[in-house]
Amino acid sequence: MSERRINWIGSSKKDLRGFPEEVRQDIGYALYEVQRARKPKIAKPLKGFGGAGVLEIIENFAGNTYRAVYTIKFKKVIYVLHCFQKKSKHGIKTPPKDIELIKRRMKWAEEDYKTSYK
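Residues numbered from 1 in each chain as written. Predicted model: local features only at pLDDT ≥ 70, side-chain atom pairs only at ≥ 80, totals over all residues. Heavy atoms only, no water.

A short note on the overall build of the protein
Then comes step 1: When you go through the protein residue by residue, the secondary structure sums to three helices and five strands.
Then comes step 2: Order of helices (α) and strands (β) in the protein, N terminus to C terminus: β-α-α-β-β-β-β-α.
Then comes step 3: Reported as C-alpha extents along the three principal axes, the dimensions of the protein are approximately 45 × 30 × 25 Å.
Then comes step 4: The buried share among the 118 residues of the protein stands at 42%.
Then comes step 5: Look at the contacts in the protein between residues 6 or more apart in sequence, and 54% of them connect residues 24 or more apart.
Then comes step 6: Accessible surface, the protein: about 7200 Å² in total, of which carbon and sulfur atoms supply 53%.
Then comes step 7: Averaging the locations of the 27 positively and 13 negatively charged side chains of the protein gives two centres separated by 4 Å. (Helix = DSSP H or I, 4+ residues; strand = E, 2+ residues; numbered from the N terminus. Buried < 20%, exposed > 50% of the residue type's maximum accessible area, 1.4 Å probe, protein only. Contact = heavy atoms within 4.5 Å. Areas by Shrake-Rupley, 256 points an atom, 1.4 Å probe, with all protein chains shown as cover. Lys, Arg positive; Asp, Glu negative; His and termini not counted. Charge placed at Lys NZ, Arg CZ, Asp CG, Glu CD.)

Encoded structure:
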């Protein structure tokens, strides 16, 4: 089986590069598993996106939580939609501003896929 390509939307790759080295390595390996059609142990569906098409990789490190959100909705490519450090100390819910950014980037990914991969 061939590996699926990864496309980075917006500042997601730059944002991931700003994470601590250990976090980058863990998220990078998890994305490699996704490319090989596996579901990483540290990934789960992101609530509010209707099923398992949009997932998040969650990594805790030194008292902080880091997330990488991606979609497997498309057959030929995986889009990494958003990478961020969760700042809230209350609850596990993704902040609304991050959800809105993910929704905008998902629309961009859909358009890109239509024009680039069909």
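Picking up after the structure, the text goes on.
As for the packing of aromatic side chains
Where two aromatic rings form a pair, the distance of their centres and the angle of their planes describe that pair.
Then comes step 1: For the structure shown, the criterion picks out five aromatic pairs.
Then comes step 2: Each ring, one from Phe19 and one from Tyr66, has its centre 4.8 Å from the other, and the planes form 55 degrees; the classification is tilted. Of the two residues, Phe19 is situated in the loop between helix H1 (12–17) and helix H2 (21–35) and Tyr66 in strand S4 (residues 64–71); the sequence distance between them amounts to 47 residues. Residue Phe19 shares its accessibility class with Tyr66, and that shared class is buried.
Then comes step 3: Summarising the aromatic geometry, the rings of Tyr113 and Tyr117 are spaced 5.3 Å apart at their centres and angled 20 degrees between planes, so their arrangement reads as stacked. The residues Tyr113 and Tyr117 share a single accessibility class, namely buried.
Then comes step 4: A connected cluster of aromatic rings, assembled from ring pairs, spans Phe74, Tyr79, Tyr113 and Tyr117. (Phe/Tyr/Trp six-rings, centres within 6.5 Å; stacked < 30°, edge-to-face > 60°.)

Describing H2
Then comes step 1: With 15 residues, H2 extends 21 Å from end C-alpha to end C-alpha; this agrees with the ideal 21 Å at 1.5 Å per step.
Then comes step 2: For H2, every residue scored as buried is listed here: Val23, Ile27, Ala30, Leu31, Glu33, Val34 and Gln35.
Then comes step 3: Against the buried residues of H2 lie strand S1 (5–8), H1, strand S3 (54–61), S4 and strand S5 (77–86).
Then comes step 4: Note on H2: the residue one or two positions beyond its end, Ala37, has a positive phi of about 65 degrees. (Expected span 1.5 Å × (residues − 1).)

Some points on the pairing of S4
Then comes step 1: Counted residue by residue, S4 has seven buried out of eight residues, so it is predominantly covered.
Then comes step 2: Strand direction decides the pairing type here: S3 and S4, joined by eight bridges, are antiparallel. From the neighbouring strand, Asn60 faces S4, where its bridge partner is Thr65.
Then comes step 3: If you look at the hairpin formed by S3 and S4, you'll find two residues sitting between the two strands, and Ala62 has a positive phi there, around 50 degrees.
Then comes step 4: With antiparallel pairing between neighbouring strands as the criterion, S4 and S5 make up a hairpin whose turn holds five residues. (Pairing = 2+ DSSP bridges.)

Examining the sheet that holds S4
Think of a sheet as strands paired side by side through backbone hydrogen bonds, with each pair either parallel or antiparallel.
Then comes step 1: Pairing is mixed across the open sheet formed by five strands, whose spatial order is S1-S5-S4-S3-S2. Strands with a single pairing partner mark the edges of an open sheet, and in this sheet they are S1 and strand S2 (43–45). The average angle at which neighbouring strand axes cross in this sheet is 30 degrees, direction not considered.
Then comes step 2: Pairing between S2 and S3: three bridges, direction antiparallel. Across the sheet, residue Lys44 finds its bridge partner in S3, namely Glu56. (Axes fitted to C-alpha atoms, helices over the stretch in contact; angles between N-to-C directions.)

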